[in-house]
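Analysis of the macromolecular model
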Amino acid sequence: MKIGILTLPLHTNYGGILQAYALQTVLERMGHDVVVFDTPKRKSLQIWLIPIVYPVRAFRKYVFGKKDARILKEQYQSRISRNVLPFIRKHIHTKEVFSLKQLDKHDYNCIIVGSDQIWRPLYYPKIQNAFLAFAYNWNVKRIAYAPSFGTSAWEYTLGQTKECSRLINKFDAVSVREDTGVGLCLEHLGAIATHVLDPTMLLDKEDYARLIGSDVDAKDNKGLFCYILDETEEKKEMIKRVANIRKLVPFSINKESEDASMSGKGHIQSPVESWLSGFRDASFVVTDSFHACVFSIIFKKQFLVYGNKGRGMSRFMSLLGTFGLQDRLITDIGQIRDIVDIDYVDVYKRYDEIKAFSYTFLKDSISG
């Protein structure tokens, strides 16, 4: 079957890239022909737009004090992503489109929406297209596999709610990544959804170890892998406390481009393989990232996560609750005292069951 995957654009977010890779890989192993729809960052502006766009960006940056406003945004994005793009080009079969209207309805038998926060208007403003509005009259199978609303709060306008409710009723199967998403679908969209795992968790540790390969050497001294998206003084103190308790040396993989307020030549995203090697090499992981929690579990690492309220707490609570790891989530450094090790024998009993269920849901949804 020819399948197209609709997800968030594959830019510099490690988790976003790897969930697309994982879903594509699982589908290909089922025997399907798969492409991922991607909207690449524009490398340059059309010349006639420069006199308009650059002054507007400068006004936002220097008059309104918008730290994330970049006058030469296209050049910046090209620079920070240059180490990530090779992974996407090598491992993900993309169909680059600047508009979904460019797609031909005759090229696909099925479109799968997911995963990541593609059902969150904050991250996907044309939210109706995340429910396949652009393909409304297409004769294709429509499946939602593990899309996320990102939060337990309902963020859609009345108009968006009405339209997406109409569109979701055309789907052949609906699943969501968080347990709270099941309730949101039923309450606001009138749709019954199934709770499944993030696509990255449908693959094994060995699958990711093969991606790392021999290109990234293992560290001689395994330490405390720190992957923090939004740095604060509390999170810095959290790292110090865990390092002292565990007697580990902290190390990190460059991820500065995640923080839009930072500037300078150091903003070059490290390769995806290097990021994965952080989990391979770590004795312990400290993070505020959802997908860093996911890969800590996949690699069977001890970890703590500082709840990232700005990016959505329900994601952490659902993931950790699924595996009985609620004690891994902290929202205050005062909660860090003695850190009890995770019993991965018990965790993987649950993991294997839910993984099999999620895989079967995906397979049956396509063949049904």
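Up top is the structure these notes are about.
Residues numbered from 1 in each chain as written. Predicted model: local features only at pLDDT ≥ 70, side-chain atom pairs only at ≥ 80, totals over all residues. Heavy atoms only, no water.

Next up on the list: the sheet that holds strand β5 (residues 141-144). Spatial ordering of the open sheet is given by β3-β2-β1-β4-β5-β6-β7, a layout of 7 strands whose pairing is parallel. Looking at strand neighbours, the two that pair on one side only are β3 (94-96) and β7 (194-195), the edges of this open sheet. As defined by bridge partners, strand β6 (residues 173-176) adjoins β7 across 2 bridges and the pair is classed as parallel. Its bridge partner being in β7, serine 175 is matched across the sheet by threonine 194. Its contacts with the sheet put helix α1 (residues 14-29) on β1 (2-6), β2 (33-38) and β4 (110-113), and the angle it makes with β2 is roughly 160°. (Pairing = 2+ DSSP bridges. Helix = DSSP H or I, 4+ residues; strand = E, 2+ residues; numbered from the N terminus. Contact = heavy atoms within 4.5 Å. Axes fitted to C-alpha atoms, helices over the stretch in contact; angles between N-to-C directions.)

Before going further, it helps to spend a moment on helix α7 (residues 205-212). Of all the positions in α7, only Asp207, Tyr208, Leu211 and Ile212 are classed as buried. The buried residues of α7 all sit within an arc of 145° when viewed along its axis, so they share a single face. Count one or two residues on from α7 and you reach glycine 213, which has phi positive near 60°. (Buried < 20%, exposed > 50% of the residue type's maximum accessible area, 1.4 Å probe, protein only. Arc of directions from axis to C-beta.)

Once the charged atoms of two side chains with opposite charge are near each other, the side chains can pair. This model, assessed by the stated rule, comprises 14 salt bridges. Put simply, aspartate 204 and lysine 355 hold a salt bridge, and the shortest N to O gap is 2.2 Å. Here the residue aspartate 204 occupies a position in the loop between β7 and α7, and lysine 355 occupies one in helix α12 (residues 344-367), the gap between them amounting to 151 residues. Residue aspartate 204 is classed as partly exposed on the basis of its relative accessible area, which comes to 36%. Through salt bridges with shared partners, a single network forms among Asp116, Arg177, Glu178 and Asp198. (Salt bridge = Lys/Arg side-chain N within 4 Å of Asp/Glu carboxyl O.)

Take the sheet that holds strand β8 (residues 224-227) next. Read across the sheet, 5 strands follow the order β9-β8-β10-β11-β12 without closing on themselves; strand pairing throughout is parallel. Every interior strand has two partners, whereas the edge strands, β9 (250-251) and β12 (329-330), have only one. Bridge count for strand β11 (residues 302-306) against β12 is 2 bridges, and the pairing is parallel. Across the sheet, the residue bridging to tyrosine 306 is isoleucine 330, located in β12.

Okay, unusual backbone geometry next. Look at the link from glycine 114 to serine 115: it is a cis peptide, with omega at 0°. Turning to its location among the elements, serine 115 is positioned in the loop between β4 and β5. Even without a glycine there, the phi angle at aspartate 116 is positive, about 70°. On the secondary structure map, aspartate 116 appears in the loop between β4 and β5. The phi angle at lysine 300 is positive, at roughly 55°, despite the residue not being glycine.

Glancing now at the packing of aromatic side chains. Applying the stated rule across the entire model yields 22 aromatic pairs. Three or more aromatic residues joined by ring pairs make a cluster, and in this case those are Tyr14, Tyr208, Phe225, Tyr227, Phe251, Trp275, Phe279, Phe295 and Phe299. One Lys or Arg, arginine 177, reaches over the ring of phenylalanine 290 and ends 4.0 Å from the middle of that ring. Sitting above the plane of the tyrosine 348 ring, lysine 300 keeps its charged end 4.4 Å from the centroid. (Phe/Tyr/Trp six-rings, centres within 6.5 Å; stacked < 30°, edge-to-face > 60°. Lys NZ or Arg CZ within 6 Å of the ring centre and 35° of its normal.)

What follows covers helix α5 (residues 158-168). Taken together, the buried positions of α5 are Gln160, Thr161, Cys164, Ser165, Leu167 and Ile168. For α5, the buried positions fall inside an angular range of 165° around the axis, keeping them on one side. For α5, the exposed residues set more than 90 degrees away from the buried face come down to Leu158 and Lys162. Of the surrounding secondary structure, the elements contacted by the buried residues of α5 are β6 and α6 (179-189).

Our next topic: the environment of leucine 8. Mapped onto the elements, leucine 8 comes out in the loop between β1 and α1. According to the relative accessible area criterion, leucine 8 is buried, its value standing at 14%. The sequence separation of leucine 8 and alanine 130 amounts to 122 residues, and the corresponding C-alpha distance is 9.3 Å. With residues near it in sequence (within four places) discarded, leucine 8 still touches Asp116, Gln117, Ile118, Tyr123 and Tyr124.

The next point concerns the packing of α7 against helix α9 (residues 272-281). Between α7 and α9, whose axes approach to 9 Å, the crossing angle comes to 130°. The orientation of α7 with respect to α9, classified from their angle, is oblique. The two elements α7 and α9 meet at a crossing, and its hand is left-handed. Contacts between α7 and α9 involve Tyr208, Leu211 and Ile212 on the former and, on the latter, Glu273, Leu276, Ser277 and Arg280. When its residues are assigned to classes, the contact of α7 with α9 shows 4 nonpolar, 1 polar and 2 charged. (Parallel < 35°, antiparallel > 145°, perpendicular 65-115°, else oblique. Left-handed = near helix turned anticlockwise from the far one by under 90°. Nonpolar A, V, L, I, M, F, W, Y, C, P; charged D, E, K, R; others polar.)

Next up on the list: the pairing of β4. For a regular strand, side-chain orientation follows a simple rule: the groups alternate between the two sheet faces. Burial of β4 is two-sided: the residues Cys110 and Ile112 facing one way and the residues Ile111 and Val113 facing the other way are all buried. Of the strand pairs in this sheet, β1 and β4 are connected by 4 bridges, and their pairing is parallel. Looking across to β4, one finds that isoleucine 3 is bridged to cysteine 110. Examined bridge by bridge, β4 and β5 share 4 bridges and lie parallel to one another.

Let's shift gears to the packing of α9 against helix α10 (residues 290-298). Two numbers describe how α9 lies on α10: the axes approach to 9 Å, and their chain directions differ by 50°. One way to sum up the angle between α9 and α10 is to call them oblique. The handedness of the crossing between α9 and α10 is right-handed. Residue-level contacts link Trp275, Leu276 and Phe279 of α9 to His291, Ala292, Phe295 and Ser296 of α10. When its residues are assigned to classes, the contact of α9 with α10 shows 5 nonpolar, 2 polar and no charged.

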